[in-house]
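So the chains spell out like this:
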Amino acid sequence: MERALYLGNMSGVQEFILLGLSARQGVRVVVLAVFLPLYLLTLLENALIIFLVCSHTELHKPMYFFLGNLSCLEMCYVSVTMPSLLAGLWTGPYHVPFTACLIQLFLFISLISTKCTLLASMACDRYVAICRPLRYPLLMQPQVCLGLAGTSWLGGLLVSVAKTACIASLSYCGPNVLNHFFCDVSPLLNLSCTHVALTELVDFLSAIVTFCGTLLVALASYSAIGVAVLRMPSATARRKAFSTCASHLVVVGIFYSVALFMYSCPSRVESTDLHKLLSVIYTVVTPACSPVVYCLRNREVHAALRRTLHPQKGSSVRTDISCS
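Residues numbered from 1 in each chain as written. Predicted model: local features only at pLDDT ≥ 70, side-chain atom pairs only at ≥ 80, totals over all residues. Heavy atoms only, no water.

- As annotated in an unreviewed UniProt entry, the protein chain carries the name Olfactory receptor 6Z7-like and comes from Bos indicus.
- Among the UniProt annotations of the protein chain, the heading Subcellular location (unreviewed entry) holds the following wording: "Cell membrane".
- UniProt's Function (unreviewed entry) comment on the protein chain is quoted here verbatim: "Putative odorant or sperm cell receptor." (UniProt positions renumbered as here; feature names shortened; annotations may be inferred.)

1. Observations concerning the state of the cysteines
Here comes step 1: Tallied over the full model, the rule gives 2 disulfides.
Here comes step 2: Unpaired in this structure, Cys-72 has its nearest cysteine sulfur neighbour in Cys-76, at a distance of 4.6 Å.
Here comes step 3: For Cys-72, a relative accessible area of 33% corresponds to the partly exposed category. (Disulfide = S-S within 2.5 Å. Buried < 20%, exposed > 50% of the residue type's maximum accessible area, 1.4 Å probe, protein only.)

2. So, the pairing of strand S1 (residues 15-18)
Here comes step 1: Sheet topology note: the S1/strand S2 (residues 94-97) ladder contains 4 bridges and is antiparallel. Note that in S2 the partner of Phe-16 across the bridge is Val-96.
Here comes step 2: Pairing analysis gives 2 bridges linking S1 to strand S3 (residues 177-178), with the strands arranged parallel. Bridge assignment links Leu-18 to a residue of S3, and that residue is Leu-178. (Pairing = 2+ DSSP bridges. Helix = DSSP H or I, 4+ residues; strand = E, 2+ residues; numbered from the N terminus.)

3. Observations regarding the pattern of salt bridges
Here comes step 1: This model, assessed by the stated rule, comprises 4 salt bridges.
Here comes step 2: The closest approach of N and O atoms between Arg-307 and Glu-58, which form a salt bridge, is 1.9 Å. You can see Arg-307 sitting in helix H11 (residues 299-309) and its partner Glu-58 sitting in the loop between helix H2 (25-55) and helix H3 (62-91), a full 249 residues away along the chain.
Here comes step 3: When its relative accessible area of 25% is taken as the criterion, Arg-307 is described as partly exposed.
Here comes step 4: For Glu-58, a relative accessible area of 26% gives the class partly exposed. (Salt bridge = Lys/Arg side-chain N within 4 Å of Asp/Glu carboxyl O.)

Written as structure tokens, this is what we have:
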């Protein structure tokens, strides 16, 4: 990969110009006033989830272990794309060195691939919890959860190495203007002046394996969950089972619907305003909404948060319960 970076950097283009979301200064100021607090809120939300999962023993369960991993990933994820978006809103079009652009691309591909696998792992966890409840403690042991999470992070790195190396080995003779707010695959392919068939093939195959493969796992898990829930005799049991999966299903639906539209096509798609808008959805909006969606109806997280904010009140309540 280092050799590919070197060869790519020896081409005519030594830097790229990111146009950002908008060229109109008035629009940029308004969007900046919205996205900067949203970025800080995303970091705060996910940091709070990580803190709660790590500090409360009642949250030391597979579901919250994966949720903590997802929150850590979301913090890294938005920190890769949001700074360049905010910089573009502050200064307008700005220059990014070739190497810095490829580093951002590498991190972005790695994290988005890891997110796909983590979402599939969370779907499998919910499948075992609902469809195999008696075997859940055995099947979802800590070693298994660590293996699934480690595989997700490692797999994301391997996919990113392959895709970034192919893109970095291309020649860029000019122009060097990216109609985007971060270094993404399609805009970079559009600027290449060499034959990109192999790179497009690698991009397409990785999209099939990463996006479609994990999506099929999630769909299979939730299909089995749906059948199991419908067979439950009690409406209360069905409602409780559905509530444990609804939040994850919403996040999966939003993320995959946008991501598949963006990355499953191997052709060199021009970056349009629609392309950038969809990128904003899965790089900004989804990471900000995911913690709220996951924890909005979760009583265990609410209880842990109340004990963190009001430790004396929480301890008094536990004392009253124990005395009674």
